[in-house]
Amino acid sequence: MAKKLHYSQEQCVRSAGKLMQNTGMLKPHARVGIAVSGGVDSFVLLKVMQIRQRITPFPFEFMAIHLNAGFDPNCHAPLADWLENEKIQSHIEVTNHGLVAHTEENRTKSSCYYCAFLRRKRLFEVCKEYNLSHLAFGHNADDIVSTFLLNLVQTGRIDGMSMNEPFFGGLLNVIRPLAMVEKQHIIKAAKLWELPIFSNPCPSANTTKRTDLLSKLDLLCGDSKNGKRNVYQGIIRWQMAKHLLSPDEIIDPREYIKARQEEAQKKKEE
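Scoring rules and cut-offs
Residues numbered from 1 in each chain as written. Predicted model: local features only at pLDDT ≥ 70, side-chain atom pairs only at ≥ 80, totals over all residues. Heavy atoms only, no water. Pairing = 2+ DSSP bridges. Helix = DSSP H or I, 4+ residues; strand = E, 2+ residues; numbered from the N terminus. Axes fitted to C-alpha atoms, helices over the stretch in contact; angles between N-to-C directions. Contact = heavy atoms within 4.5 Å. Buried < 20%, exposed > 50% of the residue type's maximum accessible area, 1.4 Å probe, protein only. Salt bridge = Lys/Arg side-chain N within 4 Å of Asp/Glu carboxyl O. Parallel < 35°, antiparallel > 145°, perpendicular 65-115°, else oblique. Left-handed = near helix turned anticlockwise from the far one by under 90°. Nonpolar A, V, L, I, M, F, W, Y, C, P; charged D, E, K, R; others polar.

Peer 1: Help me get a handle on the sheet that holds strand 4 (residues 134-136), residues and values and all.
Peer 2: Strand order in the open sheet formed by 6 strands is 3-2-1-4-6-5, with mixed pairing between adjacent strands. Of all the strands in the sheet, the pair left with one neighbour each is strand 3 (90-94) and strand 5 (164-167). Direction aside, the axes of adjacent strands within the sheet are offset by 20° on average. Note: strand 1 (residues 30-35) against strand 4, 3 bridges, orientation parallel. Across the sheet, the residue bridging to Val32 is His134, located in strand 4. Of the strands in this sheet, strand 1, strand 2 (60-68) and strand 4 touch helix 2 (residues 40-55), which is tilted by about 165° from strand 2.

So this is what it looks like as C-alpha coordinates:
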(Lines give C-alpha, C1' and ligand atoms only; values in the text may rest on other atoms or scores of the structure.)
Protein backbone atom coordinates (compact mmCIF):
# COMPACT_ATOMS: atom_id res chain seq x y z
CA MET A 1 0.00 0.00 0.00
CA ALA A 2 1.36 3.40 -1.01
CA LYS A 3 2.44 5.63 1.85
CA LYS A 4 0.30 8.76 2.26
CA LEU A 5 2.09 11.92 1.20
CA HIS A 6 2.83 14.78 3.57
CA TYR A 7 1.24 18.17 2.80
CA SER A 8 4.42 19.55 1.23
CA GLN A 9 4.82 16.46 -0.95
CA GLU A 10 1.20 16.75 -2.07
CA GLN A 11 1.74 20.43 -2.85
CA CYS A 12 4.56 19.47 -5.21
CA VAL A 13 2.75 16.59 -6.91
CA ARG A 14 -0.72 18.15 -7.19
CA SER A 15 0.42 21.65 -8.14
CA ALA A 16 2.63 20.24 -10.88
CA GLY A 17 -0.20 18.09 -12.19
CA LYS A 18 -2.67 20.99 -12.17
CA LEU A 19 -0.25 23.32 -13.92
CA MET A 20 0.71 20.74 -16.55
CA GLN A 21 -2.95 20.05 -17.33
CA ASN A 22 -4.15 23.67 -17.38
CA THR A 23 -1.28 24.92 -19.54
CA GLY A 24 -0.94 21.89 -21.82
CA MET A 25 2.65 21.23 -20.80
CA LEU A 26 2.49 17.55 -21.68
CA LYS A 27 0.73 15.60 -24.38
CA PRO A 28 0.37 11.84 -24.94
CA HIS A 29 3.69 10.13 -25.77
CA ALA A 30 5.76 13.18 -24.83
CA ARG A 31 9.48 12.52 -24.31
CA VAL A 32 10.74 14.71 -21.46
CA GLY A 33 14.29 15.49 -20.47
CA ILE A 34 14.59 16.73 -16.89
CA ALA A 35 17.54 19.04 -16.29
CA VAL A 36 18.88 17.83 -12.94
CA SER A 37 21.60 19.84 -11.26
CA GLY A 38 21.54 17.79 -8.07
CA GLY A 39 20.05 20.65 -6.10
CA VAL A 40 16.78 20.40 -4.22
CA ASP A 41 14.51 21.91 -6.91
CA SER A 42 15.47 19.71 -9.84
CA PHE A 43 15.73 16.59 -7.67
CA VAL A 44 12.19 17.12 -6.36
CA LEU A 45 10.99 17.70 -9.93
CA LEU A 46 12.53 14.36 -10.90
CA LYS A 47 10.65 12.63 -8.08
CA VAL A 48 7.41 14.44 -8.91
CA MET A 49 7.61 13.39 -12.56
CA GLN A 50 8.24 9.81 -11.47
CA ILE A 51 5.01 9.90 -9.44
CA ARG A 52 3.02 11.72 -12.07
CA GLN A 53 4.03 9.19 -14.71
CA ARG A 54 2.15 6.57 -12.68
CA ILE A 55 -1.03 8.62 -12.28
CA THR A 56 -1.24 10.69 -15.48
CA PRO A 57 -3.93 9.08 -17.65
CA PHE A 58 -1.89 9.21 -20.86
CA PRO A 59 1.61 7.76 -21.38
CA PHE A 60 4.77 9.85 -21.44
CA GLU A 61 8.48 9.09 -21.00
CA PHE A 62 11.13 10.99 -19.09
CA MET A 63 14.85 10.86 -18.47
CA ALA A 64 17.30 12.77 -16.31
CA ILE A 65 19.98 15.00 -17.83
CA HIS A 66 22.87 16.07 -15.61
CA LEU A 67 25.72 18.27 -16.79
CA ASN A 68 28.47 18.43 -14.19
CA ALA A 69 29.95 21.96 -14.26
CA GLY A 70 33.49 20.63 -13.78
CA PHE A 71 34.43 21.88 -10.30
CA ASP A 72 34.17 18.38 -8.84
CA PRO A 73 33.85 15.66 -11.52
CA ASN A 74 32.57 13.14 -8.95
CA CYS A 75 30.04 15.20 -6.99
CA HIS A 76 27.11 13.74 -8.93
CA ALA A 77 27.76 10.19 -7.64
CA PRO A 78 24.70 10.29 -5.27
CA LEU A 79 22.47 11.22 -8.21
CA ALA A 80 23.88 8.47 -10.42
CA ASP A 81 23.34 5.87 -7.70
CA TRP A 82 19.78 7.06 -7.04
CA LEU A 83 18.88 6.98 -10.74
CA GLU A 84 20.25 3.45 -11.06
CA ASN A 85 18.27 2.25 -8.02
CA GLU A 86 15.08 3.88 -9.35
CA LYS A 87 15.73 2.49 -12.86
CA ILE A 88 15.46 5.94 -14.44
CA GLN A 89 17.17 6.51 -17.77
CA SER A 90 19.77 9.26 -17.71
CA HIS A 91 22.44 11.18 -19.57
CA ILE A 92 25.31 12.31 -17.34
CA GLU A 93 28.42 14.08 -18.54
CA VAL A 94 31.21 16.14 -17.00
CA THR A 95 31.72 19.53 -18.67
CA ASN A 96 34.00 22.52 -18.16
CA HIS A 97 31.17 25.07 -18.20
CA GLY A 98 31.70 26.33 -14.66
CA LEU A 99 35.47 26.47 -14.98
CA VAL A 100 35.36 28.38 -18.26
CA ALA A 101 32.80 30.84 -16.87
CA HIS A 102 35.29 31.85 -14.17
CA THR A 103 38.22 32.44 -16.54
CA GLU A 104 39.31 35.32 -18.80
CA GLU A 105 37.50 33.64 -21.69
CA ASN A 106 34.36 35.15 -20.15
CA ARG A 107 35.19 38.85 -20.15
CA THR A 108 31.82 40.51 -20.62
CA LYS A 109 29.25 38.43 -18.69
CA SER A 110 28.85 37.33 -15.09
CA SER A 111 30.13 33.84 -14.35
CA CYS A 112 26.58 32.64 -13.58
CA TYR A 113 25.19 34.01 -16.85
CA TYR A 114 27.95 32.49 -18.99
CA CYS A 115 27.81 29.10 -17.28
CA ALA A 116 24.01 29.03 -17.67
CA PHE A 117 24.38 29.94 -21.35
CA LEU A 118 26.81 27.09 -21.97
CA ARG A 119 24.66 24.68 -19.99
CA ARG A 120 21.46 25.63 -21.82
CA LYS A 121 23.18 25.25 -25.20
CA ARG A 122 24.38 21.75 -24.31
CA LEU A 123 20.98 20.77 -22.87
CA PHE A 124 19.36 21.68 -26.20
CA GLU A 125 21.92 19.53 -28.01
CA VAL A 126 21.25 16.57 -25.70
CA CYS A 127 17.50 16.91 -26.25
CA LYS A 128 18.09 16.70 -30.00
CA GLU A 129 20.37 13.67 -29.61
CA TYR A 130 17.68 11.78 -27.66
CA ASN A 131 14.79 13.06 -29.78
CA LEU A 132 13.11 14.66 -26.77
CA SER A 133 9.97 16.78 -27.15
CA HIS A 134 10.24 18.60 -23.80
CA LEU A 135 12.95 19.98 -21.53
CA ALA A 136 11.84 20.45 -17.91
CA PHE A 137 13.50 22.76 -15.39
CA GLY A 138 12.93 22.78 -11.62
CA HIS A 139 12.27 26.51 -11.24
CA ASN A 140 9.74 27.18 -8.49
CA ALA A 141 7.43 30.01 -7.41
CA ASP A 142 10.31 31.85 -5.74
CA ASP A 143 12.18 31.84 -9.07
CA ILE A 144 9.12 33.09 -10.96
CA VAL A 145 8.67 35.97 -8.50
CA SER A 146 12.36 36.93 -8.30
CA THR A 147 12.72 36.92 -12.11
CA PHE A 148 9.68 39.18 -12.44
CA LEU A 149 11.10 41.61 -9.85
CA LEU A 150 14.58 41.47 -11.42
CA ASN A 151 13.21 42.40 -14.84
CA LEU A 152 11.17 45.21 -13.32
CA VAL A 153 14.03 46.67 -11.26
CA GLN A 154 16.87 46.28 -13.78
CA THR A 155 15.16 46.81 -17.13
CA GLY A 156 11.79 48.40 -16.37
CA ARG A 157 10.01 45.54 -18.14
CA ILE A 158 6.91 43.67 -16.96
CA ASP A 159 8.14 40.22 -17.86
CA GLY A 160 8.75 36.90 -16.18
CA MET A 161 9.97 33.33 -16.53
CA SER A 162 7.82 31.35 -18.93
CA MET A 163 6.04 28.25 -17.60
CA ASN A 164 5.62 26.63 -21.01
CA GLU A 165 7.57 27.95 -23.99
CA PRO A 166 8.20 26.49 -27.48
CA PHE A 167 11.67 26.59 -29.02
CA PHE A 168 12.98 25.84 -32.51
CA GLY A 169 9.62 26.28 -34.17
CA GLY A 170 7.88 24.06 -31.63
CA LEU A 171 10.28 21.11 -31.96
CA LEU A 172 11.10 21.44 -28.26
CA ASN A 173 9.02 22.82 -25.39
CA VAL A 174 10.69 24.17 -22.24
CA ILE A 175 8.44 23.58 -19.23
CA ARG A 176 8.57 24.40 -15.51
CA PRO A 177 6.09 22.11 -13.70
CA LEU A 178 7.01 23.37 -10.20
CA ALA A 179 6.37 27.03 -11.03
CA MET A 180 3.45 27.25 -8.58
CA VAL A 181 5.25 25.58 -5.66
CA GLU A 182 7.02 27.67 -3.02
CA LYS A 183 10.58 26.79 -2.09
CA GLN A 184 9.67 25.92 1.51
CA HIS A 185 7.48 23.02 0.34
CA ILE A 186 10.16 21.76 -2.04
CA ILE A 187 12.77 21.69 0.73
CA LYS A 188 10.40 19.85 3.08
CA ALA A 189 9.36 17.36 0.39
CA ALA A 190 12.98 16.57 -0.46
CA LYS A 191 13.70 15.71 3.17
CA LEU A 192 10.61 13.51 3.44
CA TRP A 193 11.50 11.65 0.24
CA GLU A 194 15.08 11.36 1.53
CA LEU A 195 16.51 12.53 -1.76
CA PRO A 196 20.34 12.52 -1.86
CA ILE A 197 20.81 16.22 -2.51
CA PHE A 198 24.47 17.16 -3.02
CA SER A 199 26.10 20.54 -2.62
CA ASN A 200 27.11 22.80 -5.48
CA PRO A 201 30.90 23.35 -5.33
CA CYS A 202 30.67 26.46 -7.54
CA PRO A 203 32.41 29.47 -5.89
CA SER A 204 29.56 31.74 -7.07
CA ALA A 205 26.78 29.62 -5.56
CA ASN A 206 24.16 31.43 -3.44
CA THR A 207 25.36 34.87 -4.53
CA THR A 208 22.77 35.60 -7.21
CA LYS A 209 20.77 38.81 -7.56
CA ARG A 210 17.57 36.76 -7.33
CA THR A 211 18.48 35.64 -3.82
CA ASP A 212 19.22 39.25 -2.83
CA LEU A 213 15.89 40.48 -4.21
CA LEU A 214 13.89 37.87 -2.28
CA SER A 215 15.69 38.89 0.92
CA LYS A 216 14.66 42.49 0.30
CA LEU A 217 11.08 41.35 -0.35
CA ASP A 218 11.09 39.66 3.06
CA LEU A 219 12.12 42.97 4.65
CA LEU A 220 9.50 44.90 2.69
CA CYS A 221 6.70 42.54 3.78
CA GLY A 222 8.04 42.01 7.28
CA ASP A 223 5.18 43.75 9.10
CA SER A 224 2.44 42.37 6.87
CA LYS A 225 0.95 38.99 7.78
CA ASN A 226 0.01 38.11 4.19
CA GLY A 227 2.18 40.58 2.28
CA LYS A 228 4.69 38.16 0.80
CA ARG A 229 2.01 35.58 0.00
CA ASN A 230 -0.05 38.24 -1.81
CA VAL A 231 2.95 39.30 -3.89
CA TYR A 232 3.62 35.67 -4.81
CA GLN A 233 0.02 34.90 -5.72
CA GLY A 234 -0.38 38.07 -7.76
CA ILE A 235 2.71 37.47 -9.88
CA ILE A 236 2.00 33.73 -10.28
CA ARG A 237 -1.59 34.44 -11.41
CA TRP A 238 -0.33 37.00 -13.93
CA GLN A 239 2.29 34.61 -15.28
CA MET A 240 -0.08 31.63 -15.40
CA ALA A 241 -2.77 33.60 -17.26
CA LYS A 242 -0.36 33.87 -20.20
CA HIS A 243 -0.34 30.08 -20.63
CA LEU A 244 -3.81 28.89 -19.60
CA LEU A 245 -5.69 26.76 -22.12
CA SER A 246 -9.36 27.25 -22.86
CA PRO A 247 -11.61 24.42 -21.53
CA ASP A 248 -11.99 22.86 -25.00
CA GLU A 249 -8.18 22.78 -25.46
CA ILE A 250 -7.54 20.72 -22.31
CA ILE A 251 -6.95 17.03 -23.04
CA ASP A 252 -9.94 14.85 -22.16
CA PRO A 253 -8.45 12.03 -20.04
CA ARG A 254 -11.41 9.66 -20.32
CA GLU A 255 -10.25 7.70 -23.35
CA TYR A 256 -6.82 7.20 -21.81
CA ILE A 257 -8.31 6.14 -18.47
CA LYS A 258 -10.52 3.62 -20.30
CA ALA A 259 -7.52 2.26 -22.21
CA ARG A 260 -5.57 1.82 -18.97
CA GLN A 261 -8.49 0.02 -17.33
CA GLU A 262 -8.83 -2.35 -20.29
CA GLU A 263 -5.09 -3.05 -20.27
CA ALA A 264 -5.19 -3.78 -16.51
CA GLN A 265 -8.17 -6.09 -16.98
CA LYS A 266 -6.35 -8.06 -19.73
CA LYS A 267 -3.31 -8.54 -17.50
CA LYS A 268 -5.57 -9.69 -14.67
CA GLU A 269 -7.26 -12.26 -16.91
CA GLU A 270 -3.92 -13.56 -18.11
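Peer 1: Just give me the short version of the pairing of strand 6 (residues 172-175), but keep the residues and values in it.
Peer 2: Where burial is concerned, the two faces of strand 6 agree: the one with Leu172 and Val174 and the one with Asn173 and Ile175 are both buried. For strand 4 and strand 6, the ladder comprises 3 bridges, and the chain directions are parallel. Across the sheet, residue Leu135 finds its bridge partner in strand 6, namely Val174. Pairing of strand 5 with strand 6 involves 4 bridges; the strand directions are antiparallel. Of the residues in strand 6, the one forming a bridge with Pro166 is Asn173. Connecting strand 5 to the antiparallel partner strand 6 that follows it, the hairpin turn spans 4 residues, and Phe168 within it adopts a positive phi of roughly 55°.

Peer 1: Before we move on, could you go through the pattern of salt bridges and cite the residues and values that matter?
Peer 2: Counted under the stated rule, the structure contains 11 salt bridges. The salt bridge partner of Lys183 is Asp41, with a shortest N-O separation of 2.8 Å. Taken as a pair, Lys183 in helix 7 (residues 183-192) and Asp41 in helix 2 lie far apart in primary sequence, 142 residues in all. Classification of Lys183 as partly exposed rests on a relative accessible area of 27%.

Peer 1: With reference to specific residues and values, describe the packing of helix 1 (residues 7-23) against helix 2.
Peer 2: Two elements in contact, helix 1 and helix 2, have axes whose closest approach is 10 Å; the angle formed by their N-to-C orientations is 70°. Between helix 1 and helix 2, the angle falls in the class roughly perpendicular. Considering only the axes of helix 1 and helix 2, their crossing is right-handed. Packed against helix 1, whose contacting residues are Cys12, Val13, Arg14, Ala16, Gly17 and Met20, the element helix 2 presents Val44, Val48, Met49, Ile51, Arg52 and Ile55 at the interface. Partitioned by chemical class, the residues of the contact of helix 1 with helix 2 number 9 nonpolar, 1 polar and 2 charged.

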